[in-house]
Amino acid sequence: MVNPNPQSLNFPGGAFDGPRHFYAVRVYYEDTDLSGITYHANYLRWFERARSDLLRMLEIDQRAAIEADEGAYAVSEINLKYLRPAKLDDDVVIVTTCTELGAASCRMHQIAKRGDETLCEAHLRVGFISLEGRPKRQPGAWRAAFQNFMDQEVK
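Calculation criteria
- Residues numbered from 1 in each chain as written.
- Predicted model: local features only at pLDDT ≥ 70, side-chain atom pairs only at ≥ 80, totals over all residues.
- Heavy atoms only, no water.
- Helix = DSSP H or I, 4+ residues; strand = E, 2+ residues; numbered from the N terminus.
- Buried < 20%, exposed > 50% of the residue type's maximum accessible area, 1.4 Å probe, protein only.
- Contact = heavy atoms within 4.5 Å.
- Areas by Shrake-Rupley, 256 points an atom, 1.4 Å probe, with all protein chains shown as cover.
- Lys, Arg positive; Asp, Glu negative; His and termini not counted.
- Charge placed at Lys NZ, Arg CZ, Asp CG, Glu CD.
- Expected span 1.5 Å × (residues − 1).
- Pairing = 2+ DSSP bridges.
- Axes fitted to C-alpha atoms, helices over the stretch in contact; angles between N-to-C directions.
- pLDDT = per-residue confidence, 0-100.
- Core = buried A, V, L, I, M, F, W, Y, C linked by side-chain atoms within 4.5 Å.

Helix and strand content of the protein: 3 helices and 6 strands. Put simply, the protein runs from its N terminus to its C terminus through helices and strands in the order β-β-α-α-β-β-β-β-α. If one aligns the C-alpha atoms of the protein with their principal axes, the spans along those axes are about 45 × 45 × 35 Å. Taken across its 155 residues, the protein has 37% of its residues classed as buried. Excluding contacts between residues fewer than 6 apart, the proportion of contacts in the protein whose partners are at least 24 apart in sequence is 67%. For the protein, the exposed area adds up to about 9,600 Å²; of that, 51% sits on carbon and sulfur atoms. On the protein, the mean spot of the 19 positive side-chain charges and the mean spot of the 22 negative ones are 3 Å from each other.

See below:
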């Protein structure tokens, strides 16, 4: 058996539309409870995946920063509002926007949508911290990447 060339594979990832990042997920059996409805904590996982993809697309290398002992992002507060259940085999899109940028943190808004329906909303604050857990300034290039993302116009 021949191993495929990694560059030829179509790895999953998000897309930008102006100041919005879109990330697709599908509801699998493992995401649901016995009733076929998505378990509430899985929205947190989906939102985290979307934020990680956003950082990757902004060319923010979290792994390199951690390995260089520069710091990492951590959620410092989150507020979730569940509106409708996602069900087995639903296609869900996570829409992420950055609503406020500070020296050491940013506020974000995330929505899980099935078509035009909003399933769950998250308002959160993500802080940049040292690996000892203390707040610190985000790297300048990273702040600039976030600012550029926020300044984009919707197409």
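This part takes up helix 1 (residues 41-57). Helix length check: helix 1, at 17 residues, gives a terminal C-alpha distance of 25 Å against a target of 24 Å (1.5 Å per residue), a fit within 8%. Restricting attention to buried positions, one finds in helix 1 the residues Asn-42, Tyr-43, Trp-46, Phe-47, Ala-50, Arg-51, Asp-53, Leu-54 and Leu-55. Positive phi shows up at Glu-59, right after helix 1, with a value of about 65°.

What follows concerns the sheet that holds strand 1 (residues 15-17). With antiparallel pairing, the 6 strands of this open sheet are ordered in space as 1-2-4-5-6-3. Looking at which strands have only one partner, the edges of the open sheet turn out to be strand 1 and strand 3 (72-82). Along the sheet, successive strands turn relative to each other by an average axial angle of 30°, direction set aside. Alignment of strand 1 against strand 2 (residues 20-26), held across 3 bridges, turns out to be antiparallel. Residue Ala-15 lies in a different strand from strand 2, and its bridge partner there is Phe-22. Relative to strand 4 (residues 91-101), helix 3 (residues 140-151) is tilted by about 115°, and along the sheet it contacts strand 1, strand 2, strand 3, strand 4, strand 5 (105-114) and strand 6 (117-129).

Attention now goes to the environment of Glu-48. Along the chain, Glu-48 turns up in helix 1. When the C-alpha atoms of Glu-48 and Pro-135 are compared, they prove to be 20 Å apart, with 87 residues separating the residues in sequence.

In the predicted model, the protein carries a mean pLDDT of 92, and the fraction of residues at 70 or more is 93%. Taken element by element, the protein is modelled with least confidence in helix 2 (residues 62-67), mean pLDDT 93, and with most confidence in strand 5, mean pLDDT 98.

Before going further, it helps to examine the pairing of strand 5. Burial runs high along strand 5: 8 of the 10 residues are buried. As paired strands, strand 4 and strand 5 are joined by 8 bridges and run antiparallel to one another. Among the inter-strand pairings, Ile-94 is bridged to a residue of strand 5, identified as Ala-112. Connecting strand 4 to the antiparallel partner strand 5 that follows it, the hairpin turn spans 3 residues. Note that strand 5 and strand 6 share 10 bridges and pair antiparallel. Bridge pairing links Arg-107 to Arg-125 in strand 6. The hairpin turn running from strand 5 into strand 6, its antiparallel successor, is 2 residues long, and Gly-115 in that turn takes a positive phi close to 65°.

Turning our attention to unusual backbone geometry. In this structure, Asp-69 is a non-glycine residue whose phi angle is positive, near 60°. Given a relative accessible area of 49%, Asp-69 falls into the partly exposed group. One non-glycine residue, Asp-89, lies in positive phi territory at about 75°.

Another aspect to go through is the nonpolar core. Counting residues in hydrophobic clusters, the biggest one holds 31 residues, and the most contacted among them are Val-92 and Phe-146. Listed by contribution, the elements that provide at least two residues to this core are strand 2, helix 1, strand 4, strand 5, strand 6 and helix 3.

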